[in-house]
Amino acid sequence: MFYFCVGVIITIYLYIIENIKTKNSFELLFLLFPVFYIYTIGPAFQYGVGSDYFHYLRMYTVEVEERLFYAGEYSFYYIVKFLRYFELGEQSMYIVTSIIQASFFFIILEKL
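Just so we're clear, the structure is a prediction, and the values are computed from it rather than from any experiment. (Residues numbered from 1 in each chain as written. Predicted model: local features only at pLDDT ≥ 70, side-chain atom pairs only at ≥ 80, totals over all residues. Heavy atoms only, no water.)

## What to know about the nonpolar core
Here's step 1: By size, the foremost hydrophobic cluster in this structure holds twelve residues: Y53, L57, M59, Y60, L68, F76, Y77, I79, V80, L83, M93 and Y94.
Here's step 2: Counting residues per element, this core draws most heavily on helix α5 (residues 74-85), at five residues.
Here's step 3: Apart from the residues lying within four places of it in its own chain, the contact partners of Y60 are V80, L83, R84, E87, L88, G89, E90, S92 and M93. (Core = buried A, V, L, I, M, F, W, Y, C linked by side-chain atoms within 4.5 Å. Buried < 20%, exposed > 50% of the residue type's maximum accessible area, 1.4 Å probe, protein only. Helix = DSSP H or I, 4+ residues; strand = E, 2+ residues; numbered from the N terminus. Contact = heavy atoms within 4.5 Å.)

Laid out in structure tokens, this is it:
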């Protein structure tokens, strides 16, 4: 239900700002920031959601499994290595992947 409400709110907001003429890309980013924030914050701070949540959490807290690298999951492997290097905490893994996912979503939306 949460995602349905978020989807409705985002759709209404995007419909409203569709007709606003922006002079530069900074203004457009400013207008899209609330949508990006709402779209990112939900997945970034969920706890225990999904059957593999604690498996990914274990990948962060225990040594990153080298089989991820050899299985072709290079980006996730290096994201975890990077976050562990700076000791940003387990939840940072979900925050970063949520930001990456939202960024790709908005890039695709812009192309449409």
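## A short note on the side chain of S92
Here's step 1: The topology assignment puts S92 in helix α6 (residues 90-111).
Here's step 2: Among the residues examined, S92 registers a relative accessible area of 10% and is labelled buried.
Here's step 3: Within the local environment of S92, its side chain forms a polar contact with the backbone oxygen of G89, the two atoms lying 2.5 Å apart.
Here's step 4: Each residue touching S92, except ones within four places of it in the same chain, is listed here: Y60 and L83. (Polar contact = N/O pair within 3.5 Å; in protein donor to acceptor, adjacent residues only side chain to side chain.)

## Structural notes on the packing of aromatic side chains
Here's step 1: Scanning the entire structure with this criterion turns up 13 aromatic pairs.
Here's step 2: With centroids separated by 6.2 Å and ring planes inclined at 90°, the aromatic side chains of Y39 and F106 adopt a geometry described as edge-to-face. With Y39 in helix α2 (residues 25-44) and F106 in helix α6, this residue pair connects regions lying 67 residues apart in the sequence.
Here's step 3: Here Y47 and F54 contribute two aromatic rings whose centre-to-centre distance is 5.7 Å and whose plane-to-plane angle is 85°, an arrangement assigned as edge-to-face.
Here's step 4: On the basis of relative accessibility, which here comes to 60%, the residue Y47 falls in the exposed class.
Here's step 5: Taken together, the ring pairs connect F36, Y39, F105 and F106 into an aromatic cluster. (Phe/Tyr/Trp six-rings, centres within 6.5 Å; stacked < 30°, edge-to-face > 60°.)

## Details of the packing of α5 against α6
Here's step 1: With their axes 10 Å apart at the nearest point, α5 and α6 run at an angle of 135° to one another. Put simply, α5 runs oblique to α6. Judged by the sense of rotation from one axis to the other, the crossing of α5 with α6 is right-handed. Contacts between α5 and α6 involve F76, I79, V80 and L83 from the former and S92, M93, V96 and I100 from the latter.
Here's step 2: The residue makeup of the contact of α5 with α6, split by class, is seven nonpolar, one polar and no charged. (Axes fitted to C-alpha atoms, helices over the stretch in contact; angles between N-to-C directions. Parallel < 35°, antiparallel > 145°, perpendicular 65-115°, else oblique. Left-handed = near helix turned anticlockwise from the far one by under 90°. Nonpolar A, V, L, I, M, F, W, Y, C, P; charged D, E, K, R; others polar.)

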